[in-house]
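Architecture and fold: a report
Spelled out from the first residue to the last, the chains are:
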Amino acid sequence: MDQAQSKPVFSLPDWRALRNDFPVLTNSQPALHYLDSAASSQKPQAVIDAISHCYSHNYGPVHRGLYALAEVASEAYEAARQTIANFVNAENTNEIVFTRSATEAINLVAHGWAGQHLKPGEDIWVSQMEHHANFLPWQRVCQTLGTRLRVIPLDEDGQLDFETAEGIFGANTGLIAITQVSNVLGTINPIEQIVRRANRQSIPVLVDAAQAVGHMAVDVQALNCDFLVASAHKMCGPGGIGFLYGKQERLAETDPLLLGGGMVDEVDIDQSSWAEIPARFEAGSPNLSGAVGFAAAINYLQDIGMGAIEQRVQQLTSLAYQTLSEIDGLALYGSPESTSHSGILSFNVDDIHPHDVAHIAAEHGVAIRAGHHCCQPLMQRLGVSSTARASFSFYNNEQDIAALAKAILDAKQILGNR
Amino acid sequence: MDQAQSKPVFSLPDWRALRNDFPVLTNSQPALHYLDSAASSQKPQAVIDAISHCYSHNYGPVHRGLYALAEVASEAYEAARQTIANFVNAENTNEIVFTRSATEAINLVAHGWAGQHLKPGEDIWVSQMEHHANFLPWQRVCQTLGTRLRVIPLDEDGQLDFETAEGIFGANTGLIAITQVSNVLGTINPIEQIVRRANRQSIPVLVDAAQAVGHMAVDVQALNCDFLVASAHKMCGPGGIGFLYGKQERLAETDPLLLGGGMVDEVDIDQSSWAEIPARFEAGSPNLSGAVGFAAAINYLQDIGMGAIEQRVQQLTSLAYQTLSEIDGLALYGSPESTSHSGILSFNVDDIHPHDVAHIAAEHGVAIRAGHHCCQPLMQRLGVSSTARASFSFYNNEQDIAALAKAILDAKQILGNR
Amino acid sequence: MSNQSVYKEVLLDHFHNPRNKGELDGMAMIKRGSNPRCGDEIEVGVNCNDEILTSVRFRGRGCSVCLASASIMTESTAGLERQQAQQLTQQVQHWFEDKNSDPPDDDALAALSSLRQHSARKKCVLLAWVALGEVLDCPG
Amino acid sequence: MSNQSVYKEVLLDHFHNPRNKGELDGMAMIKRGSNPRCGDEIEVGVNCNDEILTSVRFRGRGCSVCLASASIMTESTAGLERQQAQQLTQQVQHWFEDKNSDPPDDDALAALSSLRQHSARKKCVLLAWVALGEVLDCPG
Ligand SMILES: Cc1ncc(COP(=O)(O)O)c(C=O)c1O
Ligand SMILES: Cc1ncc(COP(=O)(O)O)c(C=O)c1O
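Conventions and cut-offs
Residue positions are counted from 1 within each chain, in the order its sequence is given. The order in which chains are written sets their letters, starting at A; the order in which ligands are written sets their numbers, starting at 1. Given that the model is predicted, a residue must reach a pLDDT of at least 70 before its local features are reported, and side-chain atom pairs must reach 80 or more before they are shown or counted; all residues, however, enter totals for whole chains, interfaces and linings. Processing note: side-chain calculations cover all non-hydrogen atoms of the structure and skip hydrogens and water entirely. A least-squares fit on C-alpha atoms brings the copies together, and the residues used are those whose pLDDT is at least 70 in both copies. Note on contacts: a residue pair qualifies if any of its non-hydrogen atoms lie within 4.5 Å across the two residues. Working definition: residue near molecule or strand if any one of its non-hydrogen atoms lies within 4 Å of it. Pairs of N or O atoms within 3.5 Å make up the polar contacts considered here, provided that, within protein, one atom can donate a hydrogen while the other can accept it, and that residues adjacent in sequence are counted only when both atoms are side-chain atoms. Each accessible area value is a Shrake-Rupley result obtained with a 1.4 Å probe; residue values ignore everything except the protein chains displayed when judging cover. Just so you know the grouping, Ala, Val, Leu, Ile, Met, Phe, Trp, Tyr, Cys and Pro go in nonpolar, Asp, Glu, Lys and Arg go in charged, and all remaining residues, Gly too, go in polar. Salt bridge, as used here: a side-chain nitrogen of Lys or Arg that lies within 4 Å of a carboxyl oxygen of Asp or Glu. Segments assigned H or I by DSSP are reported as helices when at least four residues long, segments assigned E as strands when at least two residues long, and all are numbered from the N terminus. Each residue is assigned to one of three classes by its accessible area relative to the maximum for its type, calculated with a 1.4 Å probe on protein chains only: buried under 20%, partly exposed between the two thresholds, exposed over 50%. The score called pLDDT rates the predictor's confidence residue by residue, from a low of 0 to a high of 100. Axes, fitted as lines to C-alpha atoms, cover a helix only where it is in contact. Angles between the N-to-C directions of the axes lie from 0 to 180 degrees. Throughout, the term roughly parallel applies to angles under 35 degrees, roughly antiparallel to angles over 145, roughly perpendicular to angles from 65 to 115, and oblique to all others.

Side note on the relation of the copies chain B and chain A
Overlay of chain B on chain A (RMSD 0.0 Å): rotation 180°, translation along the axis 0.0 Å. Here the transformation between the copies is reduced to the relation of a two-fold axis. Minimal C-alpha separation from the rotation axis in chain B is found for B:G240, amounting to 2.8 Å. Here 100% of the contact residues of chain B are again contact residues in chain A; the copies associate through an equivalent surface.

Set out below in structure tokens:
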């Protein structure tokens with residue numbers, strides 16, 4: 001990080017040098033064109049080192065010991081919480097709950113908030129582009145509680161179509177759970193506007209920011225959402241850790257999902273009293289190296305600058321869009337030329353099965369993903385069973401895009417309509 | 001590990017050399033006497049390296065890609081599952097579910113099995129020595145379902161007292177959830193016998209093996225339990241990962257706790273169908289480095305040998321027991337001279353508050369824990385609000401015990417009855 | 001593209017010119033196999049005469065590997081005794097599940113060999129075979 | 001033991017010979033503070049006359065730090081005006097919450113200073129102070 005800090009404040013990042021921060025990319029022989037960052041990003045050396053350092057020098061149980069190592073561990077864990085709070089501009093540090101993932105965070109809200117506060121007959125709104133993680137928990141809540149699952153349709157460009165989402169901002173809506181960025185289309189949804197309209201009816205909004213945090217500046221106070229979730233592994237951080245942001249008053253009315261050590265004050269045979277927030281939601285031994293690695297990832301990203309990252313990815317995505325558009329028989333989903341679009345492109349080529357496209361790409365050293373991307377409702381809307389998807393990070397470059405185009409042409413040649 | 005493998009098969013491990021595998025211990029200046037392994041163990045270099053290597057060479061999304069990195073990742077993840085299955089002698093690999101922790105695993109069974117199969121009025125039995133992780137989830141099930149929480153009392157020696165646990169093996173019992181090793185007393189419970197008696201009435205048994213797996217040979221087929229849980233971080237592995245073992249037929253009748261990506265087959269707006277076992281229980285992006293680090297920890301322990309580890313810890317515990325017994329005014333809880341005892345000693349000294357004992361110990365470089373150890377029901381039984389606890393691992397040595405004794409004498413001198 | 005490619009001549013030939021593919025009208029026994037993860041669906045139909053498979057056909061959609069594997073399967077099993085076909089089906093499955101297993105004794109299957117190193121494609125290769133196995137296990 | 005020890009003379013003196021500790025009969029205002037994590041419980045009682053704290057006493061159980069801090073507190077606040085006592089209470093809390101803050105202007109509190117680097121002991125130090133703060137916040 002010293003390197004990044006010593007550069008003049010206003011100069012552009014040296015993207016070529018930054019790519020070398022990622023050992024998986026530099027260690028790969030032949031060259032790896034990693035275009036699957038939306039599934040999980042690669043990790044910079046700074047994050048790998050932070051984890052090793054934690055285990056080699058500062059490892060101890062968090063919140064549980066009176067000796068130096070345990071104090072250092074507890075302080076590092078809480079400092080990581082602070083880092084996340086600052087990164088998403090939470091008003092209070094205790095509005096950040098560590099979870100194992102975005103998925104757990106959504107399940108926590110579904111169980112602990114929706115399960116406690118929604119009433120039979122009320123509507124929970126999601127969109128047609130939700131990841132299963134932001135779809136299935138609500139489906140279960142509806143089956144259990146008798147609430148109704150409603151779906152915001154998409155227009156031809158893959159944008160949310162509020163015109164046809166009748167009653168979404170009405171009195172019968174109990175919750176809106178919506179993704180900030182689609183992991184298939186790359187669409188960036190207008191969360192601020194949605195929350196503003198929802199607020200008039202005091203409708204809580206949960207934002208699935210798994211594809212947003214770490215990819216663009218995310219400000220929970222500006223969004224003014226009630227809940228927001230993300231995972232570290234999609235933003236250069238380690239696996240096994242994510243977070244839930246919740247407004248203090250919302251967290252105060254949320255029940256814990258997991259019960260166990262560290263989340264109670266007094267335990268009696270018959271009943272128990274929960275600890276304060278956010279400890280209440282963090283049952284079990286805290287994941288210290290996860291928190292430390294997560295904070296290191298955020299520091300790494302902030303050293304580059306979120307604005308620079310966003311711009312870089314937009315440029316790469318535009319270039320990829322142009323390049324792919326020129327390929328005969330290639331269908332791009334969503335509206336990638338729009339400015340409200342992040343670094344994700346989904347497509348199909350001729351009638352070639354996406355598995356074959358991805359496999360042939362792999363034989364070219366290009367890592368893309370094929371499948372339904374955990375978005376079956378969206379696939380139904382698009383009328384396909386799967387797509388190929390290329391997703392871009394700031395560590396990608398022009399050669400990655402050229403290699404992708406070459407691979408697609410090869411796939412056409414091998415398997416395309418004859 | 002080469003080092004461990006190249007030694008002749010029947011020689012005793014070189015414990016002094018093994019201690020040097022733990023960078024936190026070798027990096028500490030002045031010497032660290034880490035006697036808090038029951039809270040979380042330190043990590044050997046082999047585990048730290050496995051995690052770094054994963055992130056530097058083999059990192060990719062698990063179960064989701066068709067390119068080489070993703071295939072390597074998926075295979076490493078499944079190989080780790082196999083390693084755990086072998087380690088606890090599960091009949092089938094798919095009986096091992098990755099969770100974030102022992103805590104999550106118990107909550108999964110409480111929600112997904114007990115919550116589905118127990119009936120109002122039935123009894124759930126736990127013991128008076130349970131960790132909150134194996135207590136609170138059952139308390140909630142009882143509050144929700146109308147089942148009754150029953151508690152197996154302890155006798156004077158801190159052993160389960162089945163004489164007074166009336167009806168535990170009777171027709172009204174729906175589940176027994178019991179710890180294999182007490183994290184306060186060190187008592188090893190006779191799980192095999194409990195399961196044998198429970199089996200006559202077809203009562204399922206869940207074993208909280210958080211303090212057992214990695215500390216002694218644990219064989220789920222020999223125990224014949226229905227469920228068993230543990231966390232990697234207490235057995236030289238990384239934070240943020242643990243597992244649930246469940247008999248195939250039990251897992252087949254268990255509902256998932258978390259819903260999201262990777263755990264469904266087909267998703268429709270109205271309903272969805274779960275994927276096969278164990279994928280059904282692993283919603284969200286799998287924690288690759290966690291699984292890889294967990295497997296590395298098991299390999300490390302197996303290279304030393306579980307028998308050797310168990311024996312070493314017993315020797316250290318006996319020595320500590322002898323040494324501490326000689327201290328005037330020191331009260332040891334449980335029955336540490338018994339052979340069914342693992343490397344955990346809880347005690348109090350005179351009327352000195354355990355916080356003070358632990359703090360003064362810390363000033364001597366001795367890391368012990370003070371508090372209720374997430375076992376408030378047990379504290380009530382012992383008639384104290386907290387205890388000091390020293391816990392031993394194979395990487396401890398005689399000097400650690402001498403330092404502990406010295407620290408306790410110092411605490412007596414500073415704060416003891418005058 | 002490298003020599004390691006799984007997209008070799010024989011496989012591509014079966015994909016571009018699938019054998020015994022089309023409607024299954026008149027087939028005595030039919031089973032469906034599907035892979036919800038990628039939306040692939042195959043139906044396999046078999047006619048028997050005196051315990052001999054007189055005709056094996058398939059229809060459905062899937063990736064090239066899935067379709068080529070089905071096509072190869074129809075050629076390799078037609079004409080076999082039911083028990084022989086069952087054995088071959090098991091051999092193929094075993095071949096893909098256990099990296100150290102020997103190849104089935106049918107050279108026509110060699111075109112699938114390079115796919116064994118791609119665990120993610122296992123389901124694609126086996127979809128038709130699993131369906132055939134179910135057909136053959138039915139008393140009938 | 002090192003020189004860094006928090007168990008220094010003044011603290012130990014307050015622990016071994018606590019001031020103003022015992023029954024709270026006759027105290028006008030009483031508040032309880034507890035730390036369920038370690039079972040510690042303190043009750044703080046205050047008598048006022050004309051907005052001046054005439055007597056501050058405590059009882060309860062806790063670790064040496066908790067008891068010594070309570071004892072020091074009773075000496076440091078008795079005789080103050082209610083508002084001054086409130087201010088001191090806030091200063092002490094702030095002093096333990098913010099590592100960069102200045103010490104409160106009462107030299108008697110210096111004995112607590114070395115505990116500031118032990119975040120795990122913060123609750124022990126503050127238990128009595130928080131209870132006192134609640135007493136003083138009550139309209140009286
Ligand atoms: C006996 C016992 N059970 C369960 C747990 C919970 O383990 P974890 O915090 O890793 O989920 C612990 C550790 O704290 C324990 O000692
Ligand atoms: C939009 C979106 N939401 C939620 C998730 C779930 O994230 P995780 O698997 O890390 O819990 C993902 C990633 O798979 C995603 O892309």
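Some remarks on the site of ligand 2
Neighbouring residues of ligand 2: 15 residues in total, closest A:T103, A:D208, A:Q211, A:S231 and A:K234. Residues lining ligand 2 come from chains A and B. Between ligand 2 and the protein, one listed contact pairs an oxygen atom with a side-chain N or O atom of A:T103 at 2.5 Å. In the complex, 97% of the free accessible area of ligand 2, which totals 390 Å², lies under the protein chains. Residues of the shell around ligand 2, tallied by class, amount to three nonpolar, 10 polar and two charged.

Let's talk about the pattern of salt bridges
Per the stated rule, a full pass over the model turns up 38 salt bridges over all chains. Measuring nitrogen to oxygen at the nearest pair gives 3.1 Å for the salt bridge that ties A:K412 to A:D350. Residue A:K412 is found in helix α15 (residues 398–415), and its partner A:D350 is found in the loop between β12 (344–349) and α13 (354–363); the two are separated by 62 residues along the sequence. On the accessibility criterion, A:D350 (23% relative accessible area) is partly exposed. Residue A:D356 is joined to C:R121 by a salt bridge in which the shortest nitrogen-to-oxygen separation is 3.2 Å. Taken together, the residues A:D356 in helix α13 and C:R121 in the loop between α3 (82–97) and α4 (122–137) connect one chain to another.

Focus on the confidence of the model for chain A
Note: predicted coordinates in regions of low pLDDT should not be interpreted at a detailed level. Confidence in the prediction of chain A, expressed as mean pLDDT, is 95, and 97% of residues score 70 or more. Taken together, the stretch residues 1–8 of chain A has pLDDT below 50 and engages in nine contacts with residues farther than four places along the chain or on a different chain.

Concerning the packing of helix α4 (residues 45–57) of chain A against helix α4 (residues 45–57) of chain B
Close contact between α4(A) and α4(B) brings their axes to 10 Å; oriented N to C, the two are set at 175°. Taken together, α4(A) and α4(B) sit at an angle that is classed as roughly antiparallel. Where α4(A) approaches α4(B), its residues A:I48, A:I51, A:S52, A:Y55 and A:S56 are matched on the opposing element by B:I48, B:I51, B:S52, B:Y55 and B:S56. The class makeup of the residues in the contact of α4(A) with α4(B) is six nonpolar, four polar and no charged.

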